[in-house]
Amino acid sequence: MKIFRSIEELKPVFPHVVLTIGNFDGIHLGHREIFRKVVKTARDAQGTSLVFTFVPHPLKVLDPVHAPSLINTYEEKERLIAASCIDALVCVPFNLETAKMTAETFVKDVLVKRIGLRHLIVGYDYAFGRDRQGNVDYLRKSGQENGFEVEVLPPISINGEVFSSTRIRQCLYSGDVAGVVRLLGRHFNLEGKVMHGAKRGHRLGFPTANLKTDKELLPRNGVYAVKVKHRDQVLDGVVNIGCNPTFRVGGISIEVHLLDFYGDLYGEDLRIYFVDRLREEILFPSANDLIRAINHDINRARDILAQKKVIEYREYLNGNCNVENEES
């Protein structure tokens, strides 16, 4: 997948561009259905499938106090879009100047002149441009004037539940990492590097890897059964997200204990796949009470994880898009 990181890089050299526009935070099953439609339409026309998005998320600039915590890092989003067999991704920097651009200027100068748009596919509630002038009605009118087709997809849902990034955030804020799979189509995960910690887990008899991550959105504080990818291995584990109230530690930490693993992980990269929630983070009366609880967590995690496999993001369209890394 070719990635363009500025409007200036764009030239109308793509054959029959089929485009979608959006933030696409989470790359959930609704987004994937849009991408599938874009790819199929482009292939049928022997054209180019293209995704247009902004970096950072516009609300990070326009209303940072109310901007959502992002489900994916920008690097993860790029990898997930590539795994959807999209030919090209446009990640345009969003700033106050960009925010002033009218819908008309964006369509004529960027989509038509720079990209050569022929077919636009958007969700039913999509809008863009200054004051969200570029709604579906505007796009249809502009398409007639500028020679591109506009296709508006209805809400995409399962059993009456519409796929949305907001709903995914609600699941994660409540700790429902098992339920979020039906919306994402994969296990929620995060990546991080193992850093030196306080070594409390080692002293308790349960060595943990203290993880530093760029992920903005974390599941609700608590203890989870997880699958952990370390290099080419996928291991079972238990992770605690929280502030270690028994030891009165401030700040949020991510500490993962790998079951039946012995080795040095400092400086290593791990990817944590959240399978199920075990319990809330608890203030225990003593270290011995905490040890008993950890043993119980480990036994429960073994039972839960024994028959579980990691659900990853895989290319599910007909044909091969030659993606090197298809995992989320």
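Every value quoted in this text rests on a predicted model; they were computed, and no experiment measured them.

Quick notes on the overall build of the chain
- Along the backbone of the chain there are ten helices and 14 strands.
- Split into buried and exposed, the 328 residues of the chain put 51% on the buried side.
- Partitioning the contacts of the chain with sequence separation of at least 6, the portion at a separation of at least 24 is 74%.
- For the chain, the computed accessible surface area is about 16100 Å², with 49% contributed by carbon and sulfur atoms.

Notes on the pairing of strand S2 (residues 17–21)
- Counting buried positions over the five residues of S2 gives five, a clear majority of the element.
- Across the two faces of S2 the burial is the same, with Val-17, Leu-19 and Ile-21 and Val-18 and Thr-20 all buried.
- Crossover S2 to strand S3 (residues 48–55) through helix H1 (residues 29–44) is right-handed.

Some remarks on the sheet that holds S3
- Ordered in space as S1-S4-S3-S2-S5-S6, the six strands form an open sheet in which the pairing is parallel. Of all the strands in the sheet, the pair left with one neighbour each is strand S1 (2–4) and strand S6 (149–153). The mean angle between the axes of side-by-side strands here comes to 20°, regardless of whether they run parallel or antiparallel.
- With five bridges connecting them, strand S5 (residues 117–123) and S6 associate as parallel partners. Across the sheet, residue Gly-123 finds its bridge partner in S6, namely Leu-153.
- Most of the contacts of helix H5 (residues 103–115) go to S3, to which it runs at about 140°, and overall it touches S2, S3 and S5.

A closer look at the packing of H5 against helix H6 (residues 136–146)
- Viewed as axis vectors pointing N to C, H5 and H6 meet at an angle of 45°, and their least axial separation amounts to 11 Å. In this view, H5 runs oblique relative to H6, as classed from their interaxial angle. Classified by chirality, the crossing of H6 by H5 is right-handed. Each of Ala-103, Glu-104, Val-107, Lys-108 and Val-112 in H5 lies in contact with H6, whose residues at this interface are Tyr-138, Leu-139, Ser-142 and Asn-146.
- Classifying every residue of the contact of H5 with H6 by side-chain character gives five nonpolar, two polar and two charged.

Let's talk about the confidence of the model for the chain
- Averaged over all residues, the pLDDT of the chain equals 88, while 90% of them reach at least 70.
- In the predicted structure, residues 315–319 sits below a pLDDT of 50 and forms 14 contacts with residues beyond four places in sequence or in another chain.
- In this model, residues 323–328 is a region of pLDDT below 50 whose contacts with residues beyond four sequence positions or in other chains number 23 contacts.

Some remarks on the packing of aromatic side chains
- For the coordinates displayed, the defined rule picks out eight aromatic pairs.
- Pairwise contacts between aromatic rings join Phe-52, Phe-54, Phe-94 and Phe-106 into one cluster.
- Across the ring face of Phe-4, the terminal group of Lys-2 is positioned such that the distance to the ring centre comes to 5.5 Å.

A few points about the environment of Met-195
- In this fold, Met-195 is placed in strand S9 (residues 189–195).
- For the pair Met-195 and Ala-209, spaced 14 residues apart in the sequence, the C-alpha separation amounts to 7.2 Å.

With respect to the nonpolar core
- Grouped together as the largest cluster of nonpolar side chains are 29 residues, with contacts concentrated most on Leu-19, Phe-52 and Leu-111.
- Those elements that place two or more of their residues in this core are S2, S3, strand S4 (88–93), H5 and S5.
- Among the elements that line this core, the one with the most residues is H5, at six residues.
- Once you skip the residues sitting within four places of it in the chain, Leu-111 turns out to touch Leu-19, Ile-21, Phe-52, Phe-106, Gly-116 and Leu-117.
- In terms of nonpolar packing, the next biggest core, distinct from the first, is built from 28 residues, Ile-71, Ile-168, Val-239 and Ile-272 among them.

Here's the deal with the environment of His-257
- If you trace the backbone, His-257 turns up in strand S13 (residues 253–258).
- Spatially, the C-alpha atoms of His-257 and Phe-206 are 6.7 Å apart, while their sequence positions differ by 51 residues.
- The contacts of His-257, once residues within four sequence positions are left out, are Phe-206, Pro-207, Thr-208, Asp-236, Gly-237, Val-238 and Ile-298.
- At a separation of 2.8 Å, a polar atom in the side chain of His-257 contacts the main-chain carbonyl oxygen of Pro-207.

Brief notes about the pattern of salt bridges
- By the definition in use, this model includes 23 salt bridges.
- The closest approach of N and O atoms between Glu-145 and Lys-141, which form a salt bridge, is 2.7 Å. Of this pair, Glu-145 and Lys-141 both sit in helix H6, four residues apart, which is roughly one turn of the helix.
- Within the structure, one salt-bridge network assembled from shared partners comprises Arg-79, Glu-191 and Arg-271.

Considerations on helix H3 (residues 74–82)
- Of all the nine residues making up H3, seven are buried; the element is thus mostly covered by neighbouring parts of the structure.
- All buried positions along H3 are accounted for by Glu-76, Lys-77, Glu-78, Arg-79, Leu-80, Ile-81 and Ala-82.

Rules of the game
Residues numbered from 1 in each chain as written. Predicted model: local features only at pLDDT ≥ 70, side-chain atom pairs only at ≥ 80, totals over all residues. Heavy atoms only, no water. Helix = DSSP H or I, 4+ residues; strand = E, 2+ residues; numbered from the N terminus. Buried < 20%, exposed > 50% of the residue type's maximum accessible area, 1.4 Å probe, protein only. Contact = heavy atoms within 4.5 Å. Areas by Shrake-Rupley, 256 points an atom, 1.4 Å probe, with all protein chains shown as cover. Right-handed = clockwise from strand over helix to strand, strands pointing away. Pairing = 2+ DSSP bridges. Axes fitted to C-alpha atoms, helices over the stretch in contact; angles between N-to-C directions. Parallel < 35°, antiparallel > 145°, perpendicular 65-115°, else oblique. Left-handed = near helix turned anticlockwise from the far one by under 90°. Nonpolar A, V, L, I, M, F, W, Y, C, P; charged D, E, K, R; others polar. pLDDT = per-residue confidence, 0-100. Phe/Tyr/Trp six-rings, centres within 6.5 Å; stacked < 30°, edge-to-face > 60°. Lys NZ or Arg CZ within 6 Å of the ring centre and 35° of its normal. Core = buried A, V, L, I, M, F, W, Y, C linked by side-chain atoms within 4.5 Å. Polar contact = N/O pair within 3.5 Å; in protein donor to acceptor, adjacent residues only side chain to side chain. Salt bridge = Lys/Arg side-chain N within 4 Å of Asp/Glu carboxyl O.

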